[in-house]
Amino acid sequence: MNESRMEFQFLDRIRRRLLRIDDKQVLFDTRGFVPTKLQGHLEAIGRSFLLGYHMALDDSSLPRQCNPFSTVASCYRGFAFEGASMAMALCDALGVLRRNRWSEFVKGGGASHIYVLHVGLGWAVARVPWYRRSPEKVMKELDPLLRWLVIDGLGFHEGFFNWKARSPSEIGALNLSPYGMRVFDQGLGRSLWFGSGAEVAGVARIIESFAPSRRADLWSGVGLAACYAGDLDSAEIECLIDASQAYGEHLAQGIVFGAEARELGGIPTSHTERICNCVCGLTSAEAAEISYAALPAANDSHQPAYETWRANIRETLRSRISA
């Protein structure tokens, strides 16, 4: 082995060691989240995220593996993919030689989890100073429809890791476009689900502290988290419907996104089925079909394709939600 190769491997080991995240960082006590009956479930999500993250740090072949997390329970598997995505994006940003692990993962072993891979990239954007200064620059080479999920991931990261430092309504990101700030709020809304311990009344109180102009996107994020991360019983879902009130279409749109992400990933759960039925009167598979059918045929010059997609879903759901 030549000297330059040995030096690279040494630097690579140092980098991976420095990038490791202590498991305590996803615990409620550390984050200052509200303890509830779902604390164990939500902490398990965090641990699954870190499992994927550390596996990706330690195994450079993981992007090319067909199903690297097959042993992880389907309820938590998507979060392992999300964590792996963050790790690969960080390694690409800080790498000496290889800078294509994330794109390999998108085309290879992570293809069926493409939505959460973009969200995981957003976590990396939050951690890399030169990305963080201009988050939307990172998106330029990405899929025009899905690239906004990077900003969603950034919003979730900021809410999750700043929960104790300031109130959620004070959390924001610099250098985002007006629409970028809307997508940031969708990710921030997902973080409210975790910070409140998935307690519906707590989520509603926090959203009330935001300016009215931000609440629709926050409820959309809550809907996605409630569907993808769960796990409410039917009575609690009814409370969620009541709490969202005028923002019911936005809650339902987030739920449809969550259902599609689970259907595409082949990781269905009973809680996804339950919330789709209670809120939308649909099975999870039917909700996913609505999302597929709502994909924009062509880019609308008046708004990003991602927003056209969301608006199309809300339009389809409107009669069901108002019934």
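Provided above is the structure to which this section pertains.
Residues numbered from 1 in each chain as written. Predicted model: local features only at pLDDT ≥ 70, side-chain atom pairs only at ≥ 80, totals over all residues. Heavy atoms only, no water.

Visitor: Can you help me understand the overall build of the protein chain in this one?
Guide: On a plain count of helices and strands, the protein chain comes out with 16 helices and zero strands. Along the longest, intermediate and shortest principal axes, the C-alpha atoms of the protein chain span 70 × 45 × 40 Å. Taking all 323 residues of the protein chain together, 56% fall into the buried category. Partitioning the contacts of the protein chain with sequence separation of at least 6, the portion at a separation of at least 24 is 73%. Charge separation in the protein chain, taken as the distance between the mean sites of 35 positive and 36 negative side-chain charges, equals 7 Å. (Helix = DSSP H or I, 4+ residues; strand = E, 2+ residues; numbered from the N terminus. Buried < 20%, exposed > 50% of the residue type's maximum accessible area, 1.4 Å probe, protein only. Contact = heavy atoms within 4.5 Å. Lys, Arg positive; Asp, Glu negative; His and termini not counted. Charge placed at Lys NZ, Arg CZ, Asp CG, Glu CD.)

Visitor: Where do I start with empty space enclosed by the protein in this structure?
Guide: Gaps left between atoms are located by rolling a probe of water-molecule size over the structure's atoms. All chains considered together, the criterion is met by two cavities of 30 Å³ or more. A volume near 440 Å³ is recorded for the largest cavity. Forming the boundary of the largest cavity are 36 residues, of which Phe 79, Glu 82, Val 116, Val 119 and Arg 190 lie nearest the centre. Counting only elements with at least two residues in the lining of the largest cavity, the list comes to helix H3 (39-58), helix H4 (74-94), helix H6 (114-127), helix H8 (148-161), helix H9 (178-195), helix H11 (212-228), helix H13 (248-265) and helix H16 (305-322). (1 Å grid on protein atoms, 1.4 Å probe; cavity = no way out; pocket = protein on both sides within 12 Å on 5 of 7 lines; lining within 4 Å. Points joined across faces, edges and corners; volume = space filled by probe spheres on them.)

Visitor: Whenever I open this one, the packing of aromatic side chains confuses me. Can you help?
Guide: Each pair of aromatic rings is reported with the distance of its centres and the angle of its planes. Summed over all chains, the structure comprises 20 aromatic pairs. Their ring planes at 90 degrees and their centres at 5.4 Å tell us that Phe 156 and Phe 194 sit as a pair that is edge-to-face. A residue pair is termed long-range when its members are at least 10 positions apart, and Phe 156 in helix H8 and Phe 194 in helix H9 qualify at 38 residues. A relative accessible area of 7% means that Phe 194 is categorised as buried. On the numbers, 4.7 Å between centres and 50 degrees between planes, the contact of Phe 257 with Trp 309 is tilted. Residue Phe 257 is located in helix H13, and its partner Trp 309 is located in helix H16; the two are separated by 52 residues in the primary sequence. With respect to burial, Phe 257 and Trp 309 carry one shared label: buried. One aromatic cluster is present, built from ring pairs that chain together Phe 28, Phe 33, Phe 49, Trp 123, Phe 156, Phe 160, Phe 161, Trp 163 and Phe 194. The ring of Phe 161 is capped by Arg 127, whose NZ or CZ atom sits 4.8 Å from the centre of that ring. (Phe/Tyr/Trp six-rings, centres within 6.5 Å; stacked < 30°, edge-to-face > 60°. Lys NZ or Arg CZ within 6 Å of the ring centre and 35° of its normal.)

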